[in-house]
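So the chains spell out like this:
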Amino acid sequence: MTVPETASRPHRGTIFQENGRILDHHDAGADQWILRVHAPECARAAQPGQFAHLQCAPRLLMRRPLSIQRVDREAGWVEFLYKVVGDGTLALSQQAQGDTLSVLGPIGQPFRLHPERPKRLLLGGGVGIPPMIFLAHHLHLRGEAGQTHAVLGSEVPFPFHPRPSEILWPGLPHGAIATLPLLEDWGVACRLTSKAGIPGAHDGFVTDLARAWLKTLAPAERDQVELFACGPHPMLAACAELAAEFDLPCQVSLEEFMACAVGGCAGCTVPVRTPEGVAMKRVCVDGPVFAAADVFPEPERA
């Protein structure tokens, strides 16, 4: 079954509805779960920045939107990282390998890569980490991992086992050595941040490390950088401010409560700056990816 797209969507991919079999589902600690579902149509079509709308349990009618973390197009699986925060995600965490879930996806506007900006800086916080992993893998497959840098932050233990990085990243504070092994194996320079005292992680925010690195770049190098970010609203606002500080383009993937997730209910609208003025845009289909400056306008300075 396919769901017709809203006519105003710039991205014209089809949204598929599939009954996906759970291939793997495990507790990653701190109420975080990693879910892998066989959904070959979604896996084949998904692009970094998009999400899927998942049935959490047969007894629950309302779905939950989850960012896509990874796909394997040949094997036909889609992977998600989520945190238990309410009844829906609690019910989802109780689903076991072999169970079947309805998957609606992929949905939304993906990140867009600009060849004139080959240095990509990926910033992810909490459950905003999955889109950064998806984008990093996409860049790895394109042979562009060597110019990709990622900073990932969490205020709870990370849902993976950090290790010391073997990729040199000049300009960062001493002691910021922890990395996500998956990204490191793809050749992506990655560092972790946390205020929770995680060994090897920078004691601060993702924007701290991003700013430290950007300050080391010559103007010609900085002109090749583009930022991509996903995470809590305050983090995204800080990322937008960072991008404005260095006059860099930045794309943000917003997190928002959703009902239908296909543009019909307009329950996930946010104000977005357009050439015609501020308009209410649906995060599900007009987003979730927007230009940061359109969602977080730079404040007027005295």
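For the structure, check the block above.
Draft legend 1. Structural detail: the side chain of T274. Assignment of secondary structure puts T274 in strand β15 (residues 269-274). A polar side-chain atom of T274 sits 2.5 Å from the main-chain carbonyl oxygen of G277. Setting aside anything within four residues of it in sequence, one finds T274 in contact with A279 and K281.

Draft legend 2. Structural view of the pattern of salt bridges. Enumeration over the complete set of coordinates arrives at 10 salt bridges. When the shortest N-O distance is used, the salt bridge between E245 and R211 registers 3.0 Å. With E245 in helix α7 (residues 233-245) and R211 in helix α5 (residues 206-216), the pair connects residues that are 34 residues apart, well separated along the chain. With a relative accessible area of 42%, E245 lands in the partly exposed category.

Draft legend 3. Focus on the nonpolar core. Counting 43 residues, the largest nonpolar core has L121, L123, L214, L227 and L254 as its most contacted members. Within the residue set of this core, elements represented by two or more residues are β7 (100-107), β8 (119-125), α5, β13 (225-230), α7, β14 (250-253), β15 and α8 (292-295). Sort the elements by how many residues they give to this core and α7 lands first, with six residues. What L254 contacts, discounting residues up to four positions off in sequence, is L236, V270, V283, P288, F290, V295 and F296. F111, I129, V188 and C190 belong to the second-largest nonpolar core, a separate cluster that totals 25 residues.

Draft legend 4. A look at the side chain of R191. Mapped onto the elements, R191 comes out in strand β12 (residues 189-193). At 4.9 Å, E184 is the nearest oppositely charged side chain to R191, a buried residue that forms no salt bridge. At a separation of 2.9 Å, a polar atom in the side chain of R191 contacts the side chain of S165. Ignoring any residue separated from it by four or fewer positions in sequence, one finds R191 in contact with A150, V151, L152, S165, I167, L168, W169, L172, A176, I177, A178 and L209.

Draft legend 5. Molecular detail of the pairing of strand β6 (residues 77-83). Among the seven residues in β6, six count as buried, and that is most of the element. Of the strand pairs in this sheet, strand β3 (residues 32-38) and β6 are connected by seven bridges, and their pairing is antiparallel. Of the residues in β6, the one forming a bridge with L35 is F80. Connecting the antiparallel pair strand β5 (residues 64-72) and β6 is a turn made up of four residues, with G76 showing a positive phi of about 80°.

Thresholds, definitions, all that
Residues numbered from 1 in each chain as written. Predicted model: local features only at pLDDT ≥ 70, side-chain atom pairs only at ≥ 80, totals over all residues. Heavy atoms only, no water. Helix = DSSP H or I, 4+ residues; strand = E, 2+ residues; numbered from the N terminus. Polar contact = N/O pair within 3.5 Å; in protein donor to acceptor, adjacent residues only side chain to side chain. Contact = heavy atoms within 4.5 Å. Salt bridge = Lys/Arg side-chain N within 4 Å of Asp/Glu carboxyl O. Buried < 20%, exposed > 50% of the residue type's maximum accessible area, 1.4 Å probe, protein only. Core = buried A, V, L, I, M, F, W, Y, C linked by side-chain atoms within 4.5 Å. Lys, Arg positive; Asp, Glu negative; His and termini not counted. Pairing = 2+ DSSP bridges.

Honestly, it's all geometry; don't read function into it.
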